Amino acid sequence: MNASAQENRMELFAPGHRACHGCGMALSVRHILKATGNQVAVVTPTGCLETFSSPYGYSPWRVPWIHHLFENGPSVASGVAAALDAQGRGDVRVVAIGGDGSTFDIGFAALSGMFERDDDVLYICVDNGAYMNTGGQRSGATPTYASTTTDPVGKLRPGKLQHKKDLPAIVAAHGAAYVATASVAYRKDLQKKVKRAMEFHGARYLQIDTPCPSVWGFPSDHTLEVGRLGVASGLVPLFEMEYGNVTKVRKIKPITVDKYLRGQKRFRHLFADEQGAELVAKLQQMADANIAKYGLSSQSGGQ
Amino acid sequence: MGAVKVVEGSQAVAEAVRACRPQVISAYPISPQTHIVETLAQMVADGELGSRYLRVESEFSAASVLAGASCAGSRCYTASSSQGLLLMTEVLYASAGMRLPFVITGVNRSISAPITIQVDQQDTISLRDTGLIQLYAESSQEAYDMHLAAFKIAEDPGIMLPVMVCMDGWILTHSYERIDFLDQQDVDRFLPPFKPANLMEVEDPKTWGSYSEENVLMEFRYALQKSMDYAQERIPQVMGDLASYTGRDYGGLIEAYATDDAEVILVAMGSVTGTLKDAVDQMREAGRKVGLIKIRCFRPFPARQIWEAVRGAKVVAVLDANVSLGSEGALGLDLKAKLCGRPDGPLVVDFIAGLGGREINPLVAEDIVDQALEAAQAPTPPWAPIWVGLDASIVA
Ligand SMILES: Cc1ncc(C[n+]2csc(CCOP(=O)(O)OP(=O)(O)O)c2C)c(N)n1
Ligand code: SF4
Ligand SMILES: [Mg+2]
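Per chain, residues are indexed from 1 in the order of the written sequence. Working convention: letters from A go to chains and numbers from 1 go to ligands, in the order in which they are written. Only residues with pLDDT of at least 70 get local features here, since the model is predicted, and only at 80 or more are side-chain atom pairs given and counted; chain-wide, interface and lining totals rely on the full set of residues. Hydrogens and water molecules were not included; the side-chain quantities draw on all heavy atoms of the structure.

Trainee: Which parts of the structure should I look at to understand the site of ligand 1?
Mentor: The rule for a residue being near a molecule or strand is that one of its heavy atoms must lie within 4 Å of it. Residues in close proximity to ligand 1 total 18 residues, the closest being A:C48, A:G101, A:A130, A:M132 and A:N133. Near ligand 1, the surrounding residues belong to chains A and B. Within 3.5 Å is the distance limit for a polar contact, defined as a pair of N or O atoms, with the added protein rule that one can donate a hydrogen and the other accept it, and that residues adjacent in sequence qualify only through two side-chain atoms. Between ligand 1 and A:C48 there is a distance of 2.8 Å, counted from an oxygen atom to a backbone nitrogen or oxygen. A distance of 3.1 Å separates an oxygen atom of ligand 1 from a polar side-chain atom of A:N128. Per-residue accessibility takes into account occlusion by the displayed protein chains alone, with areas from the Shrake-Rupley method and a 1.4 Å probe. In isolation ligand 1 has 590 Å² of accessible area, and contact with the protein removes 77% of it. By definition, any uninterrupted DSSP run of H or I lasting at least four residues is a helix, any uninterrupted run of E lasting at least two residues is a strand, and each is numbered from the N terminus. For the shell around ligand 1, the element with the most residues is helix α5 (residues 100-106) of chain A, which contributes four residues. Amino acids are sorted into nonpolar (Ala, Val, Leu, Ile, Met, Phe, Trp, Tyr, Cys and Pro), charged (Asp, Glu, Lys and Arg) and polar (every other residue, Gly among them). Looking at the shell around ligand 1, its residues break down into seven nonpolar, eight polar and three charged.

Have a look at this one:
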């Protein structure tokens, strides 16, 4: 057996699944499980991850894994955790990994319930900012001015007009012990956060930015680059919160948002005309607000 | 024999559930289910019941918690009613499809609109095709017994499906009845702990809830149907086994009451069958050859047993406390479908009766028998169901 085959045997999320080339989500799941180790059971609501990882008869999951429905990931996870606890198997921890659609939108009530009850689950949202499994429709996590198939650019509209829902803040408002954001582009940071999350008991939340080459529209070997640019622009702030307080942020040397937006088809319309330039300026304001709010800039000191 | 007490139906159910030692309970309140889940919560709060009790934000989550807990190998329980049961629908389909057993009390209540808390069976009937096993109780004592049996049926390795014990809201849940309780040792002997073949184990990790193309879904459904067939055989055995402890034998999937020489046979399920037994007795006293079939198990549907009991009758009058709008009641449809084409069978006439709490008493039953006989005399059978007791001043 050669070295890479041996390494594959160690993977808890094994190769051979059916994600698109360069899928940020698939890569992030691999990172997550390396950080948790194998003493976990994973719950995944319907979405790309479920679809590409579970064609009947095959499975890359080398941990117990259950998919049930789209809108009940948190509740199924609570049930698994309760059962393990009741059986005295609390050493096996429960991790839910769901897309932004299931987390921000259709499963939001269940998520809120799980956090209000403070069930012992690490809930990870692998956020690609739209409903990819069904073709890239708008979600509550879709960033402003991104074009999606249900909120497309048209003569009258520049894509999504609203803000991305601030889910980390909403979860933190439930009193969660640990809330953090990460990016697939920063593996060590991501894994450190997973490990930190596992040190707590009760409901915890991690939101991972997972660029999707197929729907965002960029070459499949640019996933990490796109992820890095998002973070560097300030549009994807990386931070940790404990009991509602921001405890750490990942510092950036801010770049202008156009450097992040330009490489993606979903933002292409922003570079077509004058009007687009105004919208880019608005996005720059949003990035600047993030940078100020979290003290992201390494130049400005901050937290 | 265990204790005998006069208790509310909800209390009887809660006692049955406690005796079955579920490890996980999750519920969301809705009338008239509330007394059951409140009683269980009190038992947990007082340390009389060791279940993990998850007070979720919706029925959708209650059922979902059970799906997860069942997959992880715990015995689990919930109860709901009406709108709450409908909200669970998607979860129930998926749980049956994934062979995740648990027990639900379906406290029967009508469905909006108009919003009401009155009883009929539209709610549980709407879950007919989910893959649930559905049992219907006539009395609180029967509901108590059915709950004990339900866990054993659900967890049978050849079944592995959610089981719903349906009981009429208010009429059963909120009335006081003499209940014979079974001793805990007997319950434990009858119902050993749940030991699923597949646990969520890190040493032997498995994948549940896979994605299917056109290659396997049909085989999954077929396997479910086969399990339903097996359940038809197994449920009477489990109930017989329980009867050896309780001394109470209700018959198997159906109870045939005075059907042997009957010309007219009423078919119904739930608490109304108690009333109908009285009605049959009264009509018998008056010399009329009337019988009753009480359906105890609606899914799987005991067509063969029903056929054996009704084949000599002239007409079968089905009382449906539900309606499949644009067609007929669900029980009537099933019976007609299953009896159709069998030689010399009786005419089946469907009656929509008792919707939204509308009273059915022995006089109403007698009227139904008259109308059924009239229909049997008519040159062709009726195309439409017969609605019982409509207020002419409203529908005019
Ligand atoms: C109740 C319900 N509504 C809609 C769908 C269709 N559906 C399946 S996955 C999905 C979108 C998933 O989006 P997200 O959670 O962001 O995951 P992604 O595919 O983007 O990873 C939708 C709309 C469904 N399966 N169930
Ligand atoms: S559509 Fe996007 S998220 Fe889905 S598998 Fe492909 S790259 Fe991954
Ligand atoms: Mg998504």
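Trainee: Any chance you could explain the domain arrangement of chain B here in plain terms?
Mentor: As a measure of interface size, the accessible area lost when the parts come together is often cited. Residue and element names in this part refer to chain B. Domain extents, as shown, originate in an automatic or database domain assignment. If you check the domain split of chain B, you get domain 1 (4-246) and domain 2 (255-394). Between domain 1 and domain 2, the C-alpha centre-to-centre distance is 28 Å. Note on contacts: a residue pair qualifies if any of its non-hydrogen atoms lie within 4.5 Å across the two residues. The interface of domain 1 with domain 2 comprises 25 residues on the first partner and 26 residues on the second. Buried area: the accessible area, evaluated with a 1.4 Å probe, that two parts lose upon being put together, summed over both parts. Note on domain 1 versus domain 2: buried area summed over both sides is about 2100 Å², and carbon and sulfur give 51% of it.

Trainee: Whenever I open this one, the interface of chain A and chain B confuses me. Can you help?
Mentor: Between chain A and chain B, the contact holds 39 residues from the first and 37 residues from the second. The three residues of chain A that bury the most area against chain B are A:Y56, A:P64 and A:H68, which together make up 20% of that side's buried surface. Here, a salt bridge means any Lys or Arg side-chain nitrogen found within 4 Å of an Asp or Glu carboxyl oxygen. Taken together, the links from chain A to chain B amount to two salt bridges. Taking the shortest distance from any N to any O, the salt bridge between A:R117 and B:E57 comes out at 3.5 Å. Viewed at the interface, chain B and chain A are joined by 17 residue pairs in polar contact (both at pLDDT 80 or more). Looking at the side of chain A that touches chain B, the elements that each hand over two or more residues are β1 (40-43), α3 (48-53), β2 (65-66), α4 (73-86) and α6 (108-117) of chain A. Its residues assigned to classes, the side of chain A that touches chain B shows 19 nonpolar, 13 polar and seven charged. For two strands to count as paired, DSSP must find a minimum of two bridges between them. Here two bridges tie β2(A) to strand β9 (residues 207-208) of chain B, and the two strands are oriented parallel to one another. Paired with A:I66 across the bridge in β9(B) is B:W208.

Trainee: How do you make sense of the site of ligand 2 when you look at a structure like this?
Mentor: Residue and element names in this part refer to chain A. Taken together, the residues surrounding ligand 2 are C20, C23, C48, F52, N128, C212, P213 and S214. Listed by contribution, the elements that provide at least two residues to the shell around ligand 2 are α3 and α9 (213-217). The residue inventory of the shell around ligand 2, partitioned by class, reads six nonpolar, two polar and no charged.

Trainee: Looking at this structure, how should I read the coordination of the magnesium ion (ligand 3)?
Mentor: Octahedral metal centres with six donors ideally show angles of 90 or 180 degrees, and tetrahedral centres with four donors ideally show 109.5 degrees. Residue and element names in this part refer to chain A. Excluding water, the donors of a metal are its N, O and S neighbours within 2.8 Å, or within 3.2 Å for Na, K and Ca, and that exclusion means sites may look incomplete. Within the protein, the atoms that donate to the magnesium ion (ligand 3) are D100 (OD), N128 (OD1) and A130 (O), at distances of 2.0 to 2.2 Å. Sequence positions of the donors to the magnesium ion (ligand 3) reduce to the motif D-x27-N-x1-A. In this pair, D100 is assigned in helix α5 and N128 in the loop between β4 (121-127) and α7 (167-172), connecting sequence segments 28 residues apart. The exposure class assigned to N128 is buried, which follows from its relative accessible area of 6%. Burial status follows relative accessibility: with a 1.4 Å probe on protein chains alone, a residue under 20% of its type maximum counts as buried, one over 50% as exposed, and anything between as partly exposed.

Trainee: What am I meant to see in unusual backbone geometry here?
Mentor: Backbone phi values are negative for most residues with the exception of glycine, while trans is the configuration of most peptide bonds. All names here are of chain B. The residue after S31, namely P32, is reached through a cis peptide bond having omega -5°. As for its placement among the helices and strands, P32 is situated in the loop between β2 (24-27) and α2 (34-45). For the peptide bond that leads from A113 to P114, omega is 0°, which places it in the cis range. You can see P114 is positioned in the loop between β5 (103-108) and α6 (122-125). Positive phi, normally seen in glycine, also occurs at A258, with a value near 55°. The residue A258 is located in the loop between β10 (254-257) and β11 (264-268) in this model.

Trainee: Looking at this structure, how should I read α6(A)?
Mentor: Think of an α-helix as turning once every 3.6 residues; residues three or four places apart then point the same way. The set of residues buried in α6(A) consists of A:A110, A:L111, A:G113, A:M114, A:F115 and A:R117. Phi for A:D118, located one or two positions after α6(A), is positive at around 60°.

Trainee: Please clarify how the pattern of salt bridges should be interpreted in this entry.
Mentor: Side-chain pairs of opposite charge can arise whenever the charged atoms involved come near each other. Residue and element names in this part refer to chain A. Under the defined criterion, the tally for this structure stands at 40 salt bridges over all chains. The residue E11 makes a salt bridge to K34 at a minimum N-O spacing of 3.1 Å. Residue E11 is located in the loop between α1 (3-10) and α2 (24-36), and its partner K34 is located in helix α2; the two are separated by 23 residues in the primary sequence. Since its relative accessible area comes to 3%, E11 is described here as buried.

Trainee: Any chance you could explain the pairing of strand β7 (residues 239-242) of chain A here in plain terms?
Mentor: The side chains of a regular strand alternate between both faces of the sheet. Neither face of β7(A) is left uncovered, since the one carrying A:F239 and A:M241 and the one carrying A:E240 and A:E242 both have all their residues buried. What sits between β7(A) and strand β8 (residues 245-249) of chain A in their antiparallel hairpin is a turn of two residues, with A:Y243 showing a positive phi close to 50°.

Trainee: Explain the side chain of B:Q141 here, please?
Mentor: Residue and element names in this part refer to chain B. Turning to its location among the elements, Q141 is positioned in helix α7 (residues 140-155). Looking at Q141, the relative accessible area reads 8%, which means it is buried. The residues touching Q141, leaving out its near neighbours within four places in the chain, are E177, R178, I179, D180, R248 and Y250.

Trainee: Is there a simple way to explain the environment of B:G354 in this structure?
Mentor: Residues and elements named next belong to chain B. Within the fold, G354 resides in the loop between β15 (347-352) and α13 (362-377). The buried category is assigned to G354, whose relative accessible area is 11%. Separated by 20 residues in the primary sequence, G354 and E374 place their C-alpha atoms 21 Å from one another.

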